[in-house]
Structures are given as C-alpha cells and as structure tokens.
Amino acid sequence: MAQKKGQRGGGGAADDAEVVARVPLQAVLLADSFNLKFRPITLERPKVLLPLVNVPMIEYTLAWLDSVGVEEVFVFCCAHSQQVKDYLNTSEWMKPSARLSVTTIESHDAISVGDALRVIYEKAVIRGDFILISGDTVSNMSLAQALQEHKERRKKDPLAVMTIIIKHSKPSNLTHQTRLGTDEVLMAVDPETKELLFYEDKADPSQRVISLDKLLLANNPAVYLHSDKQDCYIDICSPEVLSLFMDNFDYQHLRRHFVKGLLVDDIMGYKIFTHEIHSNYAARIDNFRSYGTVSKDIMQRWTYPLAPNVQYFESCPNMKLDRHGVYKAPDVQSRSAQIGAVTVIGSGTIIGDRSLISNSVIGQRCTIGHNVSIHGCYIWDNVTIEDDCKLNHAIVCDGVHLRAGVVLEPGVVLSFKVEVGRQITIPSYSKVSLRPQPSVQDSDEELEYADENIEVIESPSIISMISARNAEQTADLSAMENSRLSEVGISGVGYIWSTYEGEHDEEWRHSIAPIPETKLIELSHRDHEDPDVSYHDFNSTPVSGELQPDSESTGFDDGDAGDSADFDKEVEATFHRALTGVNQENVILEINSLRLSCNKSHADCAGALFLSVMKLGLVAPHSSNNELYQNTAKEINKWKDLLKHYLKSVDEEIEVILKFEEICLEIATEFSPLFSVILSYLYEKDVLSEDAILSWASEKEGADESDKIFVKQSEQFITWLKEASEEDEDD
Amino acid sequence: MARMDFEVVVLAGGASRSLSPLVSQEVPKALLPVANRPVLSYVLELLEAGNLKDLIVVVEGEDAALLVGGWISGAYVDRLHVEVASVPEGVGTAGALRAVASYLTANDVLIISGDLVTDVPPGAVAATHRKHGAAVTALLCPAPVSGPSDSGTSGGKEKAKKPVRCNIVGLDPTRQYLLHMATGAEVDKDIRVQKSILRAVGQMEIRADLMDAHMYAFKRTVLQDILEQKDKFHSIRQDILPYLIRTQMNSEVSDNGLVNSESRSDRLSSQSDLRWLSHHREIAPSSFQETYSSSVKLPPDARKTHKCCAYIANESKYCARLNSIQAFSDINRDVIGEASHLSGYSFSAQNNIIHSSAELGSKTTVGPQCMLAEGSKLGDKCSVKRSVIGRHCRIGSNVKIANSVVMNHVTIEDGCSIQGSVICSNVQLQERVVLKDCQVAAQYVVTTGSEHKSESLARK
C-alpha cells in the first residue's frame, strides 16, 4: 500500500537523525477490542465509536498518535467495519489537510489480535518500528523517550522486539483490581535494563504464592516484582513482531499468548522491555468501569490536552468550563437545574427545573425533565428522560427513552433506543438492549462481537416486548412484581440480558457503579477469615520453615480414583442399556470403545461389569441374605457370558475377586456375609477359575489381618479347591 | 541495665561437621584461629566496641563449652560480662535459644552467630530494629565472592566471579522491610512469593546478591512465643525467620508490646506501613477516592501484623561467616589482606605482620599480606606468600607456603611446598611433602615425600 503523502518534517519528536533511510513512524490501530465486555452496546456500534465524554474513543487514540509524530496509521477494522470506515471517511483525519495518513484495513474473519496482525503482515505495509495500539486507548504521554530507548536497544540487540508502556497503579487491596477495573498484573522487571521477565495477568486467585522461575535470577542479581503496575496496552513493536505472529499462528491474544510466549521461550531469545511513564496519562478502556474512570479523568483534565473544552477535536463543540469542573455547551438550557461537580453537558440539551446532575456526562440534544436526579451517569445523545426519574451510575445510550419515574439502580446499561415504561425500577447491573441476547456466548474472550448472524435465545430471560404504546395506564404494581423485576415495563421496549451463571458475582467488578459497601465489607471479612493459614500444618514439618505445603500437590491418586469411578459408571450405564434389550454384542463393542477411550485394561472392564451385575442383584427386592444370594446368582448366571468375555486370563479374574472384596467392604456391605458362597457360585459357573481363586488367596497371605477377612471366610472353599486340585494331580 | 536495653546472645556452635577436620574435641569452631585469634574474639570485640558488654554465649557440647568458657574468662576477664551456657549437640540454633530464652528479660534481644567476622556495628542493626519497632531485624550483607583473590586454587581462573548464592531476599522499594527470604535448598528452587505481601507493598525487589549474616535483633516476647509455640523449629535461619516473614501480614505471635509499644501510633502496623509506602506515590484523581469511597466504614483491620526489617550493610563493610573450609581460608586471607583493619594488628611497611620473636633464616622472604606469630622459626630460602603462620612453628629450609593457614606448633621440614592448605596444630610435615588444597588435622604426620592434592588428611 502506497504512502499517501510525502514526508512531513519537523513534527515528529521521535525523528532519529541518524537513520539514513528515514522510515516514517507507523502505527497499527486495532479498531476492535476482540472481547465482549461492552455488550450489548457493541452489538450495534463498534466500541471504538462509542462516545467518551461525547467524543468517539477512536478520536482520542488518533489524536494521540498524531501528537506523538506518527505519520501513517493503519486502522484494522473487523466488527462493524463499515461503520468504522464510514466514520473515518467523514472525519477530519481523511481530509487532505490532515497530517496523519489514515488507512483502513478490513478483515472479517479475524477473531483475535493475532489474526489481525497476521492480516497486516500479509499486507506488507509495515516497514519499521511501529506502535501497536487499540482504538480505545486514551493517552497524553510523550513517546519520544520510549521510542528512543527502543531504537537504541534494537541497535545493540536485534532481539529486543517490543517495548510495552506501563504505569504505576496500585490495585485495591480488597478487590485486587485497579481503578480501571482490570485485574492486577504481576510483572517482574530487571531493574537495570527494564527487561520484562515475567508477566501474569490472570493469576489464579486461589494461589497465595507466586512462583517465579529460578532462572529469573540466574542472570540478574536482582529483579523487581510488581503488582502495582498497569499495562497501558501501548506497545512499540519491531517488524519482527508481525512475523512472529505469522510463525506462531496459535498466538491469539497479544499478552496471554505473545508476550508470555516470548518470555518462556528461551530458544529464540526475543526480549520485551518496559517503559514506565510517571506523570503522563495512558489508559485503555477495557470495561465499563474503566469507561467511567477514564471519563472522569478526562473531565478532570488528567489527559490534557485531550480535555472537553480544548479545541482538539474538530467535532467537539465549544465547551465552556465553569467552576468545579462543569463543562457546558453554550446552548444548554437549564434554568433552575442544579449542576454539580465534574459534569459535561453537550449542546442542544434541555434540562428541566429542579433537576440534580453531578459527576455525569450528558450528550447532545438530550431532553431531561423536571425533578430528575442524575448521578455518576453517562448519557449519550438524543436521550429523553421524563420527570422524576432517578439515575445512578448508569450508561444510557443514544435514543433511549425513560418515562416518568423510572429508577436506574447502579450499574445499569441501557443500549440504543431502549424504552422504559413508567415507574419502572431497573435493578442493578442489568443490561437492556433492543437486540435479543445471542444464545451462544462463548466464554472465550477472543470471540468477536458477532455482526448480524446472531442466534437468539428462546428463553424466559426474554422480556415481553410490549412495543405498543397502547397500555399507558397506571401500571399494576403487583402484576409487575409477579412478572419479575426484569421487565422494562409497560410501554417499554427491550430485552433484559440475563447474566450467565457465575458471572453475576463478578458483575460489580466491571460495572461503572462504585463497588457496593457491602461488597467491600464482605471482601475485607473474607480477607481476614481467609488468612494465609496454609502454614499451620507445616508446624509438623520440622526440617525447614521455608517448605510451604504445595497446594498443587493434592494427590494425583485422587484424580485417578475419580477417573476409575467415572469409568465404572460409564460401564454401568452401557450395561443397563444391555438390560433394555440391546444386543450383547453391541454392548461388548461399546464397552470396548469405552475401554480404549479411557485407556483402561480388560481387567478394569471386568471389574466394572462385575460391579454392575452385582448391583443388579442388589436392587432386586430381597428380605434375607438368602434371597439376596438367589437374586445375585440369577443375575450372574444371566450375564456370565458377558463377564467371561472379559475374563481372558487369571489376572482379570483376580481383578474381579478384588473388586468383589471392594464391593463387600465399601459399596454394598450386604454382600459381605455372602462372599464365600458367591465366590463358590462363580467358580461353579466357570466365571472364575480355580487358579485365579488360589492365586488370590496366596496373594492375600501376606496382607494385613483386616485385608484377610474374606480369605478367612472362604477358607473352607479354598482348602476344598486345593484338595481337589491335588486329587487331580494324583489322578 | 545496659543503655540500649538489648541483651546479646552469641551462638558459638560446637564441633561443626562441615569444618572437619579443622575442628576437633580440642578446638571447637568458636576457637578456630583467624589471623591467630579465635574467631569468636571478632564477635566479642565487635560487641565490646558497641558497648554491649553483657553477653550469653551458647556453645554446643559440654566440653566445647568448658574450652570456650575458659578462653573467654582468660581473655576478657575485666572487659566483658559473659555467661557461657552449654546445650546438647544438634539442637540447632532455635534449640540453643530455647535453652536460654527464659533468662532473657530485656525488650529486645540481639542474636549473633559466633562465626561472624564483620565490622558492621551491631548498634546499627539494633537502632534499625528500634526505629521500626520490628519483630525481627536481620542484617543482610553483600554475598561474599568466594575463592582466593588470585590464581592458585579453584575459581581463580573465572573471569567474572559471581557472588555465592546464599539467600534470595525480597525487599520493599525503600529496602527497609524484609518481605521474602529463601534459604538453603530453597535458593535453588523457583521463587515463591506470597501474594498478600506483594499486594500490600506493590513492588518487591528480589535480590540474590545478599546474604543473611546471622545477626538478628528480635523482640523478646516474639522470640519467646515462637520458641514456646513452635517446638519443632530447629533453626533461626530456616524456621524462625522465614516463619516471621511469612506471617508478617497475619501475625500469630503475641502482640503485647508489639503494636502498642509505639506510643505515637495506635494501630500503625506494618501492613499499613507497607501500604503507606506505596500510597504516597499514588497521584490518584479524586474520582478514585469516590470510587472507593472513603465514607465506607470498613471494619478496623482486625488482622495483626508485625514488621520484619532488614539492615543492609554497606558495600564497603566486611562481612563473612566462617561456616566452611573455603570460608576459613577466605576469611584468614581477607583479615590479613583487604580487611586488615579487622585483625587488630598493625602492619609493617611490607604490609605484613612478623612478630618480633619470630626468626627468619637467610634469603627467606615473607611477602605482603602474611602473618608470622611469636616464636616461629623459618629456615633458609623459604618463601611465604599470603599465608598465616601460627605460634612456635618450626619450619625448615626451602619451604614454600602460599595461600595457606598454618596453626600453632607445626613442624614443617625441609623442601615442603604448601599451597592453599590448612595445617592444624601440632602437625608434622616431613621432608619434601607437597600439599595442594589440603586440610591436615591436628597431630597428623605427613610422611616424607608424599604428595597430596585436594585431600583431607586426618587420623582414622
């Protein structure tokens, strides 16, 4: 792809005078986050076009790229690519006066960052070091120093392929997430070279201990281990990064696969370095909580010059900054409304009397009624809010209509054009959309927000869509309660998305609502009750205090036991199908395939089958031991051919006897008094051979007394067997 | 009462097996000579210089205790007030402390290993301990670079010598708190850092180039509690210290005088201290405070904590432990060499110490960084380099001694060559014996003309 414009002089602070063949600074902007965290909104609009303090997110990223001297940007679009392209085509960036050359690259089958970078590699547009950034990043950092460091390192060591930008941000001690709502990241960094040595963003919370490879310290006398750094997701990459993605086509996630992959791979020896920024701002909007946090940071001007009243964005109307961080467009109508601290109100918005607004962003051309209270909300464009509504920490998308008296509890997300009927309370963390919830939600984050071909859940979670405005009558409160809270109400339009199992507990983490007090108290209690007690038991290990009980070492045996129990169950199920008339041959076939898939031996099959047969005997009604014996004998007789199929050698027969012992001891103690009789019956019916019984008995000779009860019980039978065999020999 | 209100326990060890054949019934570890003075004297003089004069010296083994006690009462009769206690052999450092714990009354206890040769003032460790109100403060020093400083024995040829790995230490960014410690076999395993501690402090510096020097200041109550409750604990280094470090966020030790002793802070425990450390760096927008609203009344931090601190010795300080034969040679070399201020002797213009009563034959040279004690005689054409020779040795002619330690009353006949070896007292080396990197036990006789390399010579 040709470079659209000639070189631009002077602007780039990062220009390296020493580079002879000057390569323009390039950037790859991913206009797709490859996750589902902004659903349901992203079903209708790509995340990079969502307004952040009334300006689409991608504007912030492009403005920053422009400010740090990037000359060519390749915008990779995937989901809603047309929308992104349309937006960019009409934006200032595409005008001939723009310094920055913006090119879109479109692909529809990319489902991850890895795929995107492979597409870009194939386009062969990247000629030198480039900046990899996602279109939802807000920053005002200066890149010159980081870029300089990166280039110098590259000169000395061509294996230094990547520099990632990090920033200090201490996660909360209770929630273990940063203020951006992202999980804490554990990083080990060489204090001298700043080389990244270890990266873990999905640390298992149940592990109290971080295990670092001992090789980490092999070459460095010291490393810094950080839990207080935030990954800004701004990376300076060398072209090799793209080819590495080509070579390892299983790399999907930039951090989880690529970064970690390079760190553990000591054959290729590629290195990743970090650059920490201190006074500048850089944050990626990963979830709703970071959306809220970054919005507030923008309003409080931490991102200067990317602030609401700075004429940075052409699309941004002339905002006026009042005291306490209140930004108002000049044509806002609000007579007696109280507008509290840190609020932005877009142009054309009308606010009714006695309404209270604080810590919120309100978009353009909204109509807000009287006595409305809005706190900590993000209200986009063309929203209508009728009188007496109460909104608390909610995201309200374009075109939403809230009828009078609606209450939005903290954490609610209302997607485009949702309508909520009168006096309805939308419970905390609800997500409401006109689009029905896709049924298959792959928990895999890589999954793209699907375009149009969504499968729809046909489930009770779908809310009655009363689109007609016919029933404007006063809502019958009791009826409403009956039909669950999850109603958007009479005259409402929209589906409430159900949360998935297990997700609900974590809903508060990523929501824009402040973490509820009860949750914090609960967490702090858990923190207290759940101390690092794992050391108590080590008191018994006198040798070394450092030996910590290894949590991973919970027996391999356990797993194995569960495994064989599962196998027993499977076999039993198969066997029961035989009872219902399936051909015995087929049963054998099925059990054989089970055996192969579970990696079991014939002996295991024999044991499992025997167990099933014995259980049959047990389930038949019986009142005395004798009856039980009769039942069992009948079953054994019936299935002896099947059993014999698996009793090909003495070993398997012994296995059956051992299984029988186990049954008597653990599974069905009713059999224990009958052990010897059933044993002799099995002998009689040629299921078990005399060799097997005798070798079982001799095997048991050395065993503990407790193990020998059944041998003792069958002593008579065994001696008889022995004598019989001697007699045979005499003959 | 002493001014510092510190009691001092010196753990002098016994007949350490790792130092065989140098130690024996007659010479316990504490009395091994370093530049012709028992190693224990270095600790005792260090303490004396720090005005810590009331000591308990714990020795393993009755006989060893008698020997050590006898020597101390002879050498320090008017200078120190020393009580020598004996404990059975093999009780470990924790066992040794257990034996004397009930006699301790001061608020804090300073525990020093008797094999430490250092010039780090114990007062500095004590002061750090007091300043933080710590449960334990450990002295950390740069790990020694092992091996002789010039060619001759092993390790000399390596271009870049790496410090020995003694410990893996985790420190907070201010390097005041001890957050992680791996000792012994743990050092070579993967590093296992506790998340709760890392979270509290945010950033941990993990270093492999520091050594636990075995000088600790303990809060007495903490020490006594642990010794009482954890009767399986065997060693300070491997059990008590790691235990305290691990549990610092969730203390199990009694807190009488632990938290409340600091009048200025009602509940300022180490955890909050650690948090404060990282808090001052947070330039958080006020929305952060809103999100984690300060109005939220969290229950007071019920969890007890204690502090584990570190005093990191300056690079320029000397610090070594005599716990191996290699260390014995190294320390002897250093004390008459680069750390000569420790020896307490004054060096001649040739940078060596030759006692006035020593006799040298003609054409015999004694190089710099050598020591020749009283009454020793050297024959003609001998050469001594970087070695320590004890009292009343008889050394013949044409003997070469380099990088070695020769103790007292040793007889070395003509034509011997000794390199990198340790010759204990009363040894006889007959003519033309060649020893390289050997240890010769006391009373041993090496026969004429025999050559040994890297051997330990002792009577069976």
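- Under an unreviewed UniProt entry, the name given to chain B is Translation initiation factor eIF2B subunit gamma, and the organism recorded is Canna indica.
- Per its UniProt entry, chain B bears the Sequence similarities (unreviewed entry) comment "Belongs to the eIF-2B gamma/epsilon subunits family."
- Recorded under Subcellular location (unreviewed entry), the UniProt text for chain B is reproduced unchanged: "Cytoplasm, Cytosol".

- Going by an unreviewed UniProt entry, chain A carries the name Translation initiation factor eIF2B subunit epsilon and comes from Canna indica.
- Per its UniProt entry, chain A bears the Sequence similarities (unreviewed entry) comment "Belongs to the eIF-2B gamma/epsilon subunits family."
- Recorded under Subcellular location (unreviewed entry), the UniProt text for chain A is reproduced unchanged: "Cytoplasm, Cytosol".

## Some remarks on the overall build of chain A
In step 1: On a plain count of helices and strands, chain A comes out with 19 helices and 35 strands.
In step 2: Burial statistics for chain A: of 731 residues in total, 54% are counted as buried.
In step 3: When contacts within chain A are restricted to residue pairs at least 6 apart in sequence, long-range pairs at least 24 apart make up 61% of them.
In step 4: Carbon and sulfur atoms make up 50% of the accessible area of chain A, which amounts to about 31,700 Å² in all.

## Looking at the overall build of chain B
In step 1: Check the secondary structure of chain B and you find ten helices and 34 strands.
In step 2: The proportion of buried residues among the 460 residues of chain B is 57%.
In step 3: When contacts within chain B are restricted to residue pairs at least 6 apart in sequence, those whose partners lie at least 24 apart make up 55%.
In step 4: On chain B, roughly 18,600 Å² of surface is accessible, and the fraction owed to carbon and sulfur atoms is 49%.

## Quick look at the packing of helix α5 (residues 239-247) of chain A against helix α6 (residues 254-264) of chain A
Residues and elements named next belong to chain A.
In step 1: Following both chains from N to C, one finds α5 and α6 inclined at 100°, their axes separated by 12 Å at the closest point. One element, α5, and the other, α6, form an angle in the roughly perpendicular class. Of α6, the residues touching α5 (which contributes Val-241, Leu-244 and Phe-245) are Leu-254, Phe-258 and Leu-262.

## Observations regarding the pairing of strand β13 (residues 210-219) of chain B
All names here are of chain B.
In step 1: Among the ten residues that make up β13, ten are buried, leaving the element largely enclosed by the rest of the structure.
In step 2: Neither face of β13 is left uncovered, since the one carrying Leu-210, Asp-212, His-214, Tyr-216 and Phe-218 and the one carrying Met-211, Ala-213, Met-215, Ala-217 and Lys-219 both have all their residues buried.
In step 3: Relative to β13, strand β6 (residues 108-113) runs antiparallel, the two sharing five bridges. Bridged to Asp-108 within β13 is Lys-219.
In step 4: Both strand β8 (residues 136-142) and β13 contribute to a ladder of six bridges, which runs antiparallel. Within the sheet, the bridge partner assigned to Thr-137 lies in β13 and is Ala-217.

## Concerning the packing of aromatic side chains
In step 1: In total, this model carries 18 aromatic pairs over all chains according to the counting rule given.
In step 2: With centroids separated by 5.7 Å and ring planes inclined at 45°, the aromatic side chains of Phe-675 of chain A and Trp-696 of chain A adopt a geometry described as tilted. In this pair, Phe-675 of chain A is assigned in helix α16 (residues 675-684) and Trp-696 of chain A in helix α17 (residues 690-700), connecting sequence segments 21 residues apart. Trp-696 of chain A shares its class with Phe-675 of chain A; the two are buried.
In step 3: Between Tyr-216 of chain B and Phe-218 of chain B, the ring centres sit 6.0 Å apart and the planes meet at 55°, which makes this aromatic pair tilted.
In step 4: Above the plane of the ring of Tyr-233 of chain A lies Arg-284 of chain A, whose end atom (NZ or CZ) is 4.8 Å from the centre.
In step 5: One cation-aromatic arrangement involves Arg-37 of chain B over Tyr-42 of chain B; the distance from NZ or CZ to the ring centre is 4.0 Å.

## Quick look at the sheet that holds strand β16 (residues 353-354) of chain B
Residue and element names in this part refer to chain B.
In step 1: Across the sheet, which stays open at both edges, the seven strands sit in the order β16-β19-β22-β25-β28-β31-β34 with parallel pairing between neighbours. Only two strands of the sheet have a single neighbouring strand rather than two, namely β16 and β34 (456-457).
In step 2: Bridge analysis of β16 against strand β19 (residues 371-372) gives two bridges, and the strand direction is parallel. Residue Ile-353 lies in a different strand from β19, and its bridge partner there is Met-371.

## Describing α16 of chain A
Residue and element names in this part refer to chain A.
In step 1: When you tally the buried positions in α16, you get seven out of ten residues, the bulk of the element.
In step 2: Of all the positions in α16, only Phe-675, Ser-676, Ile-678, Leu-679, Ser-680, Tyr-681 and Leu-682 are classed as buried.
In step 3: Looking one or two residues past α16, Asp-686 carries a phi angle of roughly 65°, positive in sign.

## A closer look at the environment of Thr-305 of chain B
In step 1: One can find Thr-305 of chain B in the loop between α9 (286-291) and β14 (308-312).
In step 2: With 54 residues separating them along the chain, Thr-305 of chain B and Ser-251 of chain B place their C-alpha atoms 4.7 Å apart.

## Some words on the pairing of strand β1 (residues 6-13) of chain B
All names here are of chain B.
In step 1: Counting buried positions along β1 yields seven of eight residues, so the element is predominantly enclosed.
In step 2: Sheet analysis places β1 next to β6, joined by six bridges and oriented parallel. Bridge pairing links Glu-7 to Val-109 in β6.

## Observations regarding helix α7 (residues 288-299) of chain A
In step 1: A rise of 1.5 Å per residue sets the reference length of α7 of chain A, with its twelve residues, at 16 Å; its end C-alpha atoms lie 17 Å apart and thus fit the reference within 8%.
In step 2: With a side-chain oxygen positioned 3.0 Å from the backbone nitrogen of Arg-289 of chain A, the residue opening α7 of chain A is Asn-287 of chain A.

## Comments concerning the confidence of the model for chain B
All names here are of chain B.
In step 1: Of all residues in chain B, 83% attain a pLDDT of 70 or more, and the chain-wide mean is 80.
In step 2: Counting interchain partners and residues more than four positions distant, the pLDDT-below-50 stretch residues 147-161 has 25 contacts.
In step 3: Every residue in residues 255-273 is under pLDDT 50, and counting partners more than four places away or in other chains gives 33 contacts.
In step 4: Scoring the predicted complex yields pTM 0.69 and, for the interface, ipTM 0.77.

## Points about the pattern of salt bridges
In step 1: In total, this model carries 34 salt bridges over all chains according to the counting rule given.
In step 2: A salt bridge links Glu-184 of chain A to Arg-199 of chain B; its shortest N-O distance comes to 2.6 Å. Here Glu-184 of chain A is found in the loop between β8 (160-168) and β9 (185-189), whereas its partner Arg-199 of chain B is found in helix α5 (residues 195-201) on a different chain. With respect to class, Glu-184 of chain A is no different from Arg-199 of chain B; both count as buried.
In step 3: Its salt-bridge partner being Asp-322 of chain A, residue Lys-320 of chain A comes within 3.3 Å of it at the nearest N-O pair.
In step 4: The class for Lys-320 of chain A is exposed, based on a relative accessible area of 53%.
In step 5: Asp-322 of chain A sits in the partly exposed class, given a relative accessible area of 28%.

Criteria and thresholds
Residues numbered from 1 in each chain as written. Chains lettered and ligands numbered in written order. Predicted model: local features only at pLDDT ≥ 70, side-chain atom pairs only at ≥ 80, totals over all residues. Heavy atoms only, no water. UniProt positions renumbered as here; feature names shortened; annotations may be inferred. Helix = DSSP H or I, 4+ residues; strand = E, 2+ residues; numbered from the N terminus. Buried < 20%, exposed > 50% of the residue type's maximum accessible area, 1.4 Å probe, protein only. Contact = heavy atoms within 4.5 Å. Areas by Shrake-Rupley, 256 points an atom, 1.4 Å probe, with all protein chains shown as cover. Axes fitted to C-alpha atoms, helices over the stretch in contact; angles between N-to-C directions. Parallel < 35°, antiparallel > 145°, perpendicular 65-115°, else oblique. Pairing = 2+ DSSP bridges. Phe/Tyr/Trp six-rings, centres within 6.5 Å; stacked < 30°, edge-to-face > 60°. Lys NZ or Arg CZ within 6 Å of the ring centre and 35° of its normal. Expected span 1.5 Å × (residues − 1). Polar contact = N/O pair within 3.5 Å; in protein donor to acceptor, adjacent residues only side chain to side chain. pLDDT = per-residue confidence, 0-100. Salt bridge = Lys/Arg side-chain N within 4 Å of Asp/Glu carboxyl O.

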